[in-house]
Amino acid sequence: MALDISNCHCSTGHERYRLADSVKLPWDKRCFPPLTDPVPTWRSESDLSSESDELASHISDGDTSESSSGELSLGQVEDSDQELPEEAAHLGPENAGGVDSYPVPDIADWRLNLTTLSQRYNIYAVAYGEVIHIFRVRSCVDHTLPARPDLTLRPVQSEAGCAVGGYLDEENGHYINHMIIGDLGDMEILLFACDDGDVLAYYTSHIENALTLSSNSHVPGSNDLVPFFHENVGISAWGLAVHQKSRLIGVANNSHQVHVFAMALTDPRLTDGEALPRPHGCEPWISFNKDEGGDLGWILWECKHQQTAPQKPEPHRRQYAYHLSFNLGIEGANMPNIAFSSNSEGDAVAVYAFDIEERLWILDIWSDSAPMQHEWGLYRTHSLRRQGYPRGWGVLVLPESSFLPTNTYQESLGLRPEEAKYVFIPKAGYYIDTEEAIEHIKNNSTRHPWVRARKTHRFNRSRPQRPRSKWYSIGPSMGPTPSWWNAGHDKVADNLPLGTNLTKKPLSKTTYRLHPLDADNSSVMRTYETDIELLGGDRDNPGIMFSHSIDQKRPNDTYIDEEPDDGDPDPWGAITGDRSRLANLLHVPELCLVVAGSPCGRVALVTLTRPTSSSYSFKRGFRVDAILPRTIEEDRQLRPMCPLIGVAIGPIPTAGYSRDKRLFDERRYRLMLHYMDHRILSYEVYRNMNSKELSII
């Protein structure tokens, strides 16, 4: 199950836009300084240990000793005048124009994922402000993009959006906050949310047709496409979700509301007659509002026409189009991500929403009386103090089929049983702490490149840095646990003869979760600022928590500001700290993979696992196979020191497939990391279905 990694492909903004090196791009001076000594591509634990010892001896003269939290104090190390290596220099031509040049677009800051790849077509989309640039990826090898987009989408602002205005940016209210691609019925859609509350969607098949016409006519595509979906949710929109079978679009806004738009259907299984004609001048949706107590309010077609229509939203009366609004009230908070859950037949039944105050909301879509329920994240469960704990950023509902069968403990969780911690949390249940798995991730950069390069003076000081939080206690406060709840049990399970199972008793008679396992036997994953959690299922299935997964050690009380040379650093420009948020989550069922990206610039590749033996203390888990960019990319100065605006993954056209028929054992995916300085790092990812290895090229 080892990870096979080779170099990535890098395309800089200067190269793509054919700019002279003298032309400054946003953040374009954040490249890392070169290391003093060359660094090997592969690093063993002894390599890392010796390097750590060498660094510690070097910085000890400047009060830079390792702290108990794993962080470093700021040392006084002089900068060297060593020049950048040739490969780190901008390689574009020394001209700022020409027939192939294109104006460098502005990027909206402090948003969620702004890039995406189609799963059906060779389409890469990136949101620049309020405009979406559509590209054909030019190569299946280095995945290059041209400067000039093949098509631009300029969605018109709605009247409601004009009235609402911007939340983050009052002058540019129509800027896009978040963009995803998903399947709505048989059609793939591009769905995005704007700062003025507008939510729009295009069919990717229409985009593909427009691209084809543009290519045949040799004229760049325009914005003639019209979205099939355009609604407004009253204030800045963020969380997005699509349910394929039930044809639902979900949106979360900054009024602590979740909106669900249910398209009208013609399927006789889901309808009980003809829909009444919509009164002239009325909205197409029958709208229902649900407050935090679960009470349902009904507004007929958002107008006063007296017509007979459903008195409540019903899944078997989908001949009508419904708009359901869930108001979380004063207990709610902003929800960066939401996800739909399904029943055993695959029909949507609930919305999961993880807010920034660590509440996981479970919203029943079709009930007219069920109260809105929530449960706390692990940090707030451990201590309900409101300050000083990581925020909630992401949630996914993961079907059982997305979990890769594994044979050993380390294949399942990424570490040995004796390296894990077995804990009990009152009101949350039993968990396995897998933080030590970080030591087994190959080529992972656990220390900030400026620390490894002895350039700690380049950091700037900021407000006091929050210490690493604990999400559990060890000792008497841990609570009662069964005698077999420890690493010893799983060590025995690792060495059992084939076909032999250990006998184990249930962990508890108590169910700690509101929904122990989802109705279709799915699992729920939550992400925090740098932590990844797989919620426990029933009483025999503990949760898994990998805390501080994408952390990099750096001096205490420091950050990287937007303009470190202007003498007036802006603490809100920190790209490590405030921007550490695992909010960009992509699920790739075919690879049993979750891609978890953070605006701080790092991306975790998470393999979902389930041991084939029932003897282990857990039924489902995950391991982190890689964190990108890796040490080798940082040492080659391919990773820029600037925010990541988007991460996208999609199948490489024709790779392993032809006319929808599988040719090889695996299909290759391209993974693209898009940074604010317009640099793109590209990889190929695939899983060998014979060895089950995840490979990154």
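Residues numbered from 1 in each chain as written. Predicted model: local features only at pLDDT ≥ 70, side-chain atom pairs only at ≥ 80, totals over all residues. Heavy atoms only, no water.

**Digging into the overall build of the chain**
Okay, step 1: Helix and strand counts for the chain stand at 9 helices and 39 strands.
Okay, step 2: Counting only residues that meet the buried cut, the chain has 57% of its 697 residues in that class.
Okay, step 3: Per element, the accessible surface of the chain, about 28,900 Å² overall, is 48% carbon and sulfur. (Helix = DSSP H or I, 4+ residues; strand = E, 2+ residues; numbered from the N terminus. Buried < 20%, exposed > 50% of the residue type's maximum accessible area, 1.4 Å probe, protein only. Areas by Shrake-Rupley, 256 points an atom, 1.4 Å probe, with all protein chains shown as cover.)

**Some words on the nonpolar core**
A general feature of soluble globular proteins is that nonpolar side chains tend to end up buried together.
Okay, step 1: In terms of nonpolar packing, the biggest core is built from 43 residues, with Tyr-124, Leu-593, Val-595, Leu-605, Leu-671 and Leu-673 touching the most fellow members.
Okay, step 2: Core analysis: the next-biggest nonpolar cluster, separate from the first, contains 37 residues, Ala-420, Tyr-422, Met-525 and Ala-604 among them. (Core = buried A, V, L, I, M, F, W, Y, C linked by side-chain atoms within 4.5 Å.)

**What to know about empty space enclosed by the protein**
Okay, step 1: Tallied over the full model, the rule gives 6 cavities of 30 Å³ or more.
Okay, step 2: What the second largest cavity holds in volume is close to 100 Å³.
Okay, step 3: For the second largest cavity, the lining is made up of 14 residues, of which Trp-110, Arg-111, Arg-579, Pro-599 and Leu-644 are closest to its centre.
Okay, step 4: Across the lining of the second largest cavity, the residue classes break down as 9 nonpolar, 1 polar and 4 charged. (1 Å grid on protein atoms, 1.4 Å probe; cavity = no way out; pocket = protein on both sides within 12 Å on 5 of 7 lines; lining within 4 Å. Points joined across faces, edges and corners; volume = space filled by probe spheres on them. Nonpolar A, V, L, I, M, F, W, Y, C, P; charged D, E, K, R; others polar.)

**Topic: the sheet that holds strand 20 (residues 373–376)**
Okay, step 1: Read across the open sheet, the 4 strands follow the order 17-18-19-20; overall the sheet is antiparallel. What marks the edges here is a single partner per strand, and that holds for strand 17 (337–342) and strand 20. Each adjacent strand pair in this sheet contributes to an overall mean axis angle of 20°, direction not counted.
Okay, step 2: Across 6 bridges, the pairing between strand 17 and strand 18 (residues 348–354) is antiparallel. Bridged to Asn-337 within strand 18 is Phe-354. (Pairing = 2+ DSSP bridges. Axes fitted to C-alpha atoms, helices over the stretch in contact; angles between N-to-C directions.)

**Observations concerning the layout of surface pockets**
Okay, step 1: Taken as a whole, the second largest pocket spans an internal volume of roughly 1,300 Å³.
Okay, step 2: Elements with a contribution of two residues or more to the lining of the second largest pocket: strand 3 (115–117), strand 7 (176–184), strand 11 (237–243), strand 17, strand 21 (394–398) and strand 30 (584–588).

**A look at the confidence of the model for the chain**
Okay, step 1: Per-residue confidence for the chain gives a mean pLDDT of 78, with 70% of residues at or over 70.
Okay, step 2: The model gives residues 30–99 a pLDDT under 50, and that stretch makes 129 contacts with residues more than four places away or in other chains.
Okay, step 3: In this model, residues 562–577 is a region of pLDDT below 50 whose contacts with residues beyond four sequence positions or in other chains number 38 contacts. (pLDDT = per-residue confidence, 0-100. Contact = heavy atoms within 4.5 Å.)

**A look at the side chain of Ser-523**
Okay, step 1: Checked against the element boundaries, Ser-523 lands in strand 26 (residues 523–527).
Okay, step 2: A polar side-chain atom of Ser-523 sits 2.7 Å from a polar atom in the side chain of Arg-620. (Polar contact = N/O pair within 3.5 Å; in protein donor to acceptor, adjacent residues only side chain to side chain.)

**Comments concerning the environment of Lys-245**
Okay, step 1: Locating Lys-245 in the fold gives a position in the loop between strand 11 and strand 12 (248–253).
Okay, step 2: Lys-245 sits 61 residues away from Leu-184 along the chain, and the two C-alpha atoms are 7.1 Å apart.
Okay, step 3: Setting aside anything within four residues of it in sequence, one finds Lys-245 in contact with Glu-345, Gly-346 and Asp-347.

**Regarding the side chain of Arg-452**
Okay, step 1: Following the sequence through the fold, Arg-452 ends up in helix 7 (residues 449–452).
Okay, step 2: Owing to a relative accessible area of 9%, Arg-452 belongs among the buried residues under this scheme.
Okay, step 3: A polar atom in the side chain of Arg-452 sits 3.4 Å from the backbone oxygen of Arg-447.

**Topic: the pattern of salt bridges**
Okay, step 1: Under the defined criterion, the tally for this structure stands at 19 salt bridges.
Okay, step 2: The partner of Arg-579 in a salt bridge is Asp-109, and the shortest N-O contact between them spans 2.9 Å. With a gap of 470 residues between them, Arg-579 in the loop between strand 29 (558–559) and strand 30 and Asp-109 in the loop between helix 2 (45–59) and strand 3 connect regions that are remote in the sequence.
Okay, step 3: Residue class for Arg-579 comes out buried when judged on its relative accessible area of 3%.
Okay, step 4: One salt bridge connects Arg-679 with Asp-677, and the closest N-O pair in it is separated by 3.9 Å.
Okay, step 5: Looking at Arg-679, the relative accessible area reads 4%, which means it is buried.
Okay, step 6: Through salt bridges with shared partners, one network takes in Arg-452, Glu-634, Asp-635 and Arg-639. (Salt bridge = Lys/Arg side-chain N within 4 Å of Asp/Glu carboxyl O.)

**Let's talk about the packing of aromatic side chains**
Okay, step 1: Counted by the stated rule, this structure contains 16 aromatic pairs.
Okay, step 2: Measuring from ring centre to ring centre gives 5.6 Å for Tyr-379 and Tyr-528, while their planes differ by 80°; the resulting arrangement is edge-to-face. In this pair, Tyr-379 is assigned in helix 5 (residues 378–382) and Tyr-528 in the loop between strand 26 and strand 27 (532–534), connecting sequence segments 149 residues apart. Each member of the pair Tyr-379 and Tyr-528 is classed as buried.
Okay, step 3: Following the ring pairs from residue to residue traces out a cluster consisting of Tyr-422, Phe-424, Tyr-430 and Trp-485.
Okay, step 4: Cation over ring: Arg-579 sits above Trp-110, and NZ or CZ is 3.8 Å from the ring centre.
Okay, step 5: Across from the ring centre of Phe-403, 5.3 Å away, lies the NZ or CZ of Arg-620, which sits over that ring. (Phe/Tyr/Trp six-rings, centres within 6.5 Å; stacked < 30°, edge-to-face > 60°. Lys NZ or Arg CZ within 6 Å of the ring centre and 35° of its normal.)

**Some details on the environment of Asn-113**
Okay, step 1: For Asn-113, the position within the fold is in the loop between helix 2 and strand 3.
Okay, step 2: Residue Asn-113 is classed as buried on the basis of its relative accessible area of 3%.
Okay, step 3: Remark: the alpha-carbon pair of Asn-113 and Ala-127, spanning 14 residues in sequence, is separated by 9.0 Å.
Okay, step 4: Engagement of the side chain of Asn-113 in a polar contact is seen with the backbone nitrogen of Val-647, the distance being 2.8 Å.

**Here's the deal with unusual backbone geometry**
Okay, step 1: Omega for the bond connecting Leu-628 with Pro-629 falls within 30 degrees of zero, at -15°, which places this linkage in the cis form.
Okay, step 2: As for its placement among the helices and strands, Pro-629 is situated in the loop between strand 33 (621–628) and helix 9 (631–635).
Okay, step 3: For Arg-18, which is not glycine, the phi dihedral falls at a positive 55°.
Okay, step 4: The topology assignment puts Arg-18 in the loop between helix 1 (13–16) and helix 2.
Okay, step 5: Using a relative accessible area of 30% as the deciding quantity, one classes Arg-18 as partly exposed.
Okay, step 6: With a phi angle near 50°, Cys-592 is a residue other than glycine that sits in the positive phi range.
Okay, step 7: In this structure, Cys-592 sits in the loop between strand 30 and strand 31 (593–597).

**Structural notes on helix 8 (residues 487–494)**
Each full turn of the α-helix corresponds to 3.6 residues, which orients residues three or four apart in the same direction.
Okay, step 1: Those residues of helix 8 that sit buried are Ala-487, His-489, Asp-490 and Ala-493. Buried residues in helix 8, looked at end-on, bunch into an arc of 155°, giving them a common side.
Okay, step 2: Contacts from the buried residues of helix 8 go to helix 6 (409–413) and strand 23 (421–425).
Okay, step 3: Between a side-chain oxygen at the N-terminus of helix 8 and the backbone nitrogen of Gly-488 the separation is 3.0 Å; the capping residue is Asn-486. (Arc of directions from axis to C-beta.)

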